[in-house]
Protein chains: 2
Amino acid sequence: MFESAELGHKIAKTTYDKAVPKLRVALLDAQFDLAQQARFPVIILVGGVDGSGKSETVNLLNEWMDPRHIQVHAMSEHSDEKRRYPPMRRYWRALPPKGKIGVFFGSWYTMPIVQRVQGKINTSHLDRHIDAINHFETLLSDEGALIIKLWFHLSKDAQKQRLEALGKDPQTRWRVTDLDWERYRQYDQFRSTSEHTLRATSSAQAPWMVIEGTDARYRSLTAGNIVLEALRKRLDRPAPIPASAPPLQAAIDHLDLFDKLDMTQRISNKEFASELEKYQGKLNLLTRDKRFARLSVIAVFEGSDAAGKGGAIRRITGALDARNYRIVPVAAPTEEERAQPYLWRFWRHIPRTGRFTIFDRSWYGRVLVERVEKFCSEADWMRAYGEINDFEEQLVGNNAVLVKFWLTISKDEQLRRFKEREQSTFKRFKITPDDWRNREKWDAYQTAVCDMVDRTSISIAPWTVVEANDKNFARIKVLKTLCQRIEAAMKKTRSQ
Amino acid sequence: MFESAELGHKIAKTTYDKAVPKLRVALLDAQFDLAQQARFPVIILVGGVDGSGKSETVNLLNEWMDPRHIQVHAMSEHSDEKRRYPPMRRYWRALPPKGKIGVFFGSWYTMPIVQRVQGKINTSHLDRHIDAINHFETLLSDEGALIIKLWFHLSKDAQKQRLEALGKDPQTRWRVTDLDWERYRQYDQFRSTSEHTLRATSSAQAPWMVIEGTDARYRSLTAGNIVLEALRKRLDRPAPIPASAPPLQAAIDHLDLFDKLDMTQRISNKEFASELEKYQGKLNLLTRDKRFARLSVIAVFEGSDAAGKGGAIRRITGALDARNYRIVPVAAPTEEERAQPYLWRFWRHIPRTGRFTIFDRSWYGRVLVERVEKFCSEADWMRAYGEINDFEEQLVGNNAVLVKFWLTISKDEQLRRFKEREQSTFKRFKITPDDWRNREKWDAYQTAVCDMVDRTSISIAPWTVVEANDKNFARIKVLKTLCQRIEAAMKKTRSQ
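Because the structure is a prediction, the values reported are computed rather than measured.

## A short note on the overall build of chain A
Helix and strand counts for chain A stand at 19 helices and 10 strands. With respect to the principal axes defined by its C-alpha atoms, chain A has extents near 85 × 50 × 40 Å. Taking the contacts inside chain A whose residues are at least 6 apart along the sequence as the reference set, 83% of them involve residues at least 24 apart.

What follows is the structure in structure tokens.
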């Protein structure tokens, strides 16, 4: 991987001075076209050996380009606050929108490589990180992002010379710390770990570009050229077309999950009052438990129109302290959200540990309304099942208790509720022409829901289908399930 | 994953009898178009629970379709003979060419799932298998293959009922063995392992399709429909277009790996004679060593035209027993080979343990001649680096000693040899107009070679660049390197 980056590459000053003005004009042109087209975002990752000129190059790129369309993120070690979230959250939050460039100085590669070099994780743990990285970068590529990965390299001798030179000069001596020499002693381990990581993450879509860092002019011009050529090439090409997958279809005998539900289950008003008190009390106690600080709760509500999501949610929040929960209502994406990969707008709302978040509709819109209404391509929603599973694994990996409810009512019951809403002064706002249109696509939605449950009900985050023809029954089932799941997670926390 | 396949799906006989003739005609039509277009191969994987009707469905597909264009592979446990090769070899060898259908009854999923259920491997080992499977299927998809993955499922109760029913009937009693009941007892473990595996390998391009296996008519019709729809959809669509990657470029200061070589290194004829005897003797002894039976040697020769590959190879074979080695000369692919994924034609020639194979040119043609001459698309050769690394990891994982030589001569030396060849009666056949044409692209080839070394010189299979202006020097360096690598591998074998 590093063979060509240990040759002593150099560029003369005259060559450099002649090349830079042309390069800058071309970069600005490309940036202008990028912003105009606003078809895709550009993600530039900068990594490499200490002292190889990473930060100088980042500064230069920033200086050469239009600062309104480029944003630099210097990502250091996780702070304590940040560790309360899944590790990838901060990268998600920093992703550039379509038409812009994001430079990541220190990226999702830094932590796994450093921890492996320091012996804090073993090779197989590193390989799990590499898998996660490959999944993430595949997602970004599939969403159209152009990913440019620059690795700045110094040979062991070159690094030593650089540290010695800085140390001899009184003006730069302060820059060389014991930590630098400590890292130098780990050079071989750093080199082999990086090599393994770079090789395993060099895909056809996002290959690593290794740049020798010894000569400032060589490395700057090379980095600039790579960014320019990558931009130019993507700007001047048509959008990719994914291969067609085998189509998903409803069962040929029209039997589905809903046929097996007992939709007649009811709870009387009297029983409801006592059960409600019981489970709201329990939920309240659970959220005040000391162990709750180490968990977060993410409750996802999906369901047919008029199935009673709002009512069920209110019975939960009734048991919670208003300072500790948030309801995230999910509607059509905003313009800002449409300029980002699909999952971006949900990452924004992921709670830190100790918090309770309720999603009123969720990321499952991709495989429900967006699939049925053709708001996204088939390739988009087909890959969403895997992307959602990866996403939820990250949430649960960060101690989230993820509880997913599908509230279902019969077609007749829906009609009854629609009509009731139209006639009630207070509920009229709840029924729109959209609801009637969705109802016409009842079967297509049912098929999408079954595929969703089949492909995303994973053991760490199973779906709970709630029979909601009777509101009392549905509300108690929701509360009870929530309590059970939180209790189970707390027991697991204790036994660890 | 299995929610919708435990509902008791059923199809009435009259419905079935009406549907089958139409389905068969449509399948035959699709098969005809597939053969006519010959654009892509179809790979159907069949897996699932014992007793769920896998073999019956395979038989039926075979019966319904044109047997000239479909081939069924019933892959059982590895035989001892087969274990002398890397595990994936037998699947590579069985891949259908473009225009044909290959049905794999028992596939690359069988072994990892069974071994995990039996507790022979742990979860993280299973996950490594899953990674390898995802890499392999991505390669197949990228090469254009349509992959249809059918999983036949039975609930635990349904499996029990099926075994009991078979056991009660005197005519079928013989079919139920102790092994079947043994496997039934492992049902839960099998279910959770399969679920994990299926979920982690359900990609957008090749999702698993889970079919309930209880009712024969339901499962047959469903399987037939899935195959038909997948075929039809792919046949009627344009070929996919991959996204463009950042372009690889030569270093801006034109300094490359070759500039650092000492091309003046020579060995006198006298010294050559003694060194040759020494290393040929050594190599001969090494290949007669008992430990050699556990290894295989794969020597890859690439190099500039007239760099002396043939001469170096003859100095190796001079030391070997003719019964134990093979030379594989690699030229342009045959028609049969062009109908397969690129690496297929090399898998054919991979030696079993105890054997020595010399590739005179190799799979590196993809990133050399095919890249420079544009015989394949940029997306093809860009992803080849990763595919080749995966391929070589499998070889080395099966105890191959993989030694890769790049023989390099200066441009002047090449000119001298070309002219010499033209003037010599015995060597005239060795020089063709192609050689002169390649020479004009000298710089493009050098860039391709540097990228190749940078991206595929991995620690388990490093490149050895051989300075070959002096034939004596080159031949001894090759022999010496070979001996060192085989010795090192043997020491490792002993210490294990």
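This is not the end of the story, as more comes after the structure.
## Focus on the sheet that holds strand β1 (residues 42-48) of chain A
Residue and element names in this part refer to chain A. If you trace the five strands from one edge of the open sheet to the other, you get β2-β3-β1-β4-β5, paired in parallel fashion. The outermost strands of the open sheet, each flanked by one partner alone, are β2 (70-74) and β5 (208-212). For this sheet, the mean angle separating the axes of adjacent strands, direction not counted, is 20 degrees. When strand β4 (residues 146-153) meets β5, the two strands line up parallel, connected through five bridges. Note on β5: the bridge partner recorded for F152 is I211. Sitting on the sheet, helix α9 (residues 216-235) is in contact with β1, β4 and β5, with an inclination near 165 degrees to β4.

## A few points about the packing of helix α5 (residues 123-142) of chain A against helix α8 (residues 187-201) of chain A
In a packed pair of helices, the relevant descriptors are the angle between the two axes and the axis-to-axis distance. All names here are of chain A. Where α5 contacts α8, the two axes come as close as 10 Å, and the packing angle between them is 35 degrees. Crossing handedness for the pair α5 and α8: right-handed. Counted together, I130, I133 and N134 of α5 and T197, A200 and T201 of α8 form the full contact between these two elements. Residue classes in the contact of α5 with α8 are distributed as three nonpolar, three polar and no charged.

## Quick look at the domain arrangement of chain A
Residue and element names in this part refer to chain A. For chain A, the assigned domains read domain 1 (3-235) and domain 2 (258-495). A separation of 40 Å is found between the C-alpha centroids of domain 1 and domain 2. Each partner contributes to the interface: domain 1 provides 15 residues, whereas domain 2 provides 18 residues. Among the elements that make up the side of domain 1 that touches domain 2, the one with the highest residue count is α5 (four residues). Its residues assigned to classes, the side of domain 1 that touches domain 2 shows eight nonpolar, one polar and six charged.

## Observations concerning the interface of chain B and chain A
On the side of chain A, 59 residues touch chain B, which itself brings 59 residues to the contact. Broken down by secondary-structure element, the contributors of at least two residues to the side of chain B that touches chain A are α5 (123-142), β5 (208-212), α9 (216-235), α15 (378-397) and α18 (442-456) of chain B. Looking at the side of chain B that touches chain A, the element that brings in the most residues is α9(B), giving nine residues.

## Let's talk about the packing of helix α6 (residues 156-168) of chain B against helix α7 (residues 178-185) of chain B
All names here are of chain B. Where α6 contacts α7, the axes come no closer than 11 Å and their chain directions differ by 165 degrees. Relative to α7, α6 is oriented roughly antiparallel. Pair α6 / α7 crosses with left-handed handedness. Of the residues in α7, those touching α6 at Q159, K160 and L163 are D180, W181 and Y184.

## Describing unusual backbone geometry
The phi dihedral of A38(A) falls on the positive side, at around 45 degrees, and the residue is not glycine. Mapping A38(A) onto the fold places it in the loop between α1 (13-37) and β1. For A38(A), a count of 12 C-beta atoms within 10 Å translates into the label exposed. Of note in the backbone geometry, K374(B) takes a positive phi value of approximately 60 degrees without being a glycine.

## Quick word on the sheet that holds strand β3 (residues 101-105) of chain B
Residue and element names in this part refer to chain B. Sheet architecture is open: five strands sit in the order β2-β3-β1-β4-β5, paired in parallel fashion. Of all the strands in the sheet, just β2 (70-74) and β5 have a single pairing partner and so form its edges. The average undirected angle you get between the axes of adjacent strands in this sheet is 20 degrees. Examined bridge by bridge, strand β1 (residues 42-48) and strand β4 (residues 146-153) share seven bridges and lie parallel to one another. Residue G48 lies in a different strand from β4, and its bridge partner there is F152.

## What about the pairing of strand β8 (residues 356-360) of chain A?
All names here are of chain A. Note: strand β6 (residues 296-303) against β8, five bridges, orientation parallel. Among the inter-strand pairings, I298 is bridged to a residue of β8, identified as T357. Relative to β8, strand β7 (residues 325-329) is paired through five bridges, and the arrangement is parallel. For P329, the partnering residue across the bridge sits in β8 and is D360.

## Section: the relation of the copies chain B and chain A
Of the two same-sequence chains, chain B is brought onto chain A (RMSD 0.1 Å, axial shift 0.0 Å) by a rotation of 180 degrees. Accordingly, the operation relating the two chain copies is best matched by a two-fold axis. Closest to the rotation axis within chain B is the C-alpha of I241(B), separated from it by 2.4 Å. With an isologous cut-off of 70% or more, the 100% of interface residues of chain B that recur at the interface of chain A puts this contact in the isologous class.

## Focus on the environment of A35(A)
Residues and elements named next belong to chain A. Mapped onto the elements, A35 comes out in helix α1. As a C-alpha pair, A35 and W463 span 428 residues in sequence and 41 Å in three-dimensional space. The residues touching A35, leaving out its near neighbours within four places in the chain, are H69 and G99.

## Let's talk about the confidence of the model for chain A
On average, residues of chain A score 90 in pLDDT, and 98% of them are at 70 or above. Across the assembled chains, the prediction reports ipTM 0.83 with pTM 0.86.

## What about helix α8 (residues 187-201) of chain B?
Residue and element names in this part refer to chain B. Taking 1.5 Å per residue, 15 residues should reach 21 Å; α8 reaches 21 Å between its end C-alpha atoms and fits that length. All of the buried residues in α8 are F190, S194, T197, L198 and T201. The buried residues of α8 all sit within an arc of 95 degrees when viewed along its axis, so they share a single face. Elements in contact with the buried residues of α8: α4 (110-117), α5, β4 and β5.

## Examining the environment of C450(A)
Among the structural elements, C450(A) can be located in helix α18 (residues 442-456). Each C-alpha atom, one on C450(A) and one on F40(A), is 33 Å from the other, the two residues being 410 residues apart in sequence. Once residues lying within four places of it in the same chain are set aside, the contact partners of C450(A) are D256(A), L257(A) and S4(B).

## Some words on the environment of M88(A)
Residue position: M88(A) is located in the loop between β2 and α3 (89-94). In sequence terms M88(A) and W347(A) are 259 residues apart; their C-alpha atoms lie 9.2 Å from each other.

About the thresholds
- Residues numbered from 1 in each chain as written.
- Chains lettered and ligands numbered in written order.
- Predicted model: local features only at pLDDT ≥ 70, side-chain atom pairs only at ≥ 80, totals over all residues.
- Helix = DSSP H or I, 4+ residues; strand = E, 2+ residues; numbered from the N terminus.
- Contact = placed C-beta atoms within 7 Å.
- Pairing = 2+ DSSP bridges.
- Axes fitted to C-alpha atoms, helices over the stretch in contact; angles between N-to-C directions.
- Left-handed = near helix turned anticlockwise from the far one by under 90°.
- Nonpolar A, V, L, I, M, F, W, Y, C, P; charged D, E, K, R; others polar.
- Domains from an automatic or database assignment.
- Parallel < 35°, antiparallel > 145°, perpendicular 65-115°, else oblique.
- Buried ≥ 20, exposed ≤ 12 C-beta atoms within 10 Å, placed from the backbone.
- Least-squares fit on C-alpha atoms with pLDDT ≥ 70 in both.
- pLDDT = per-residue confidence, 0-100.
- Expected span 1.5 Å × (residues − 1).
- Arc of directions from axis to C-beta.

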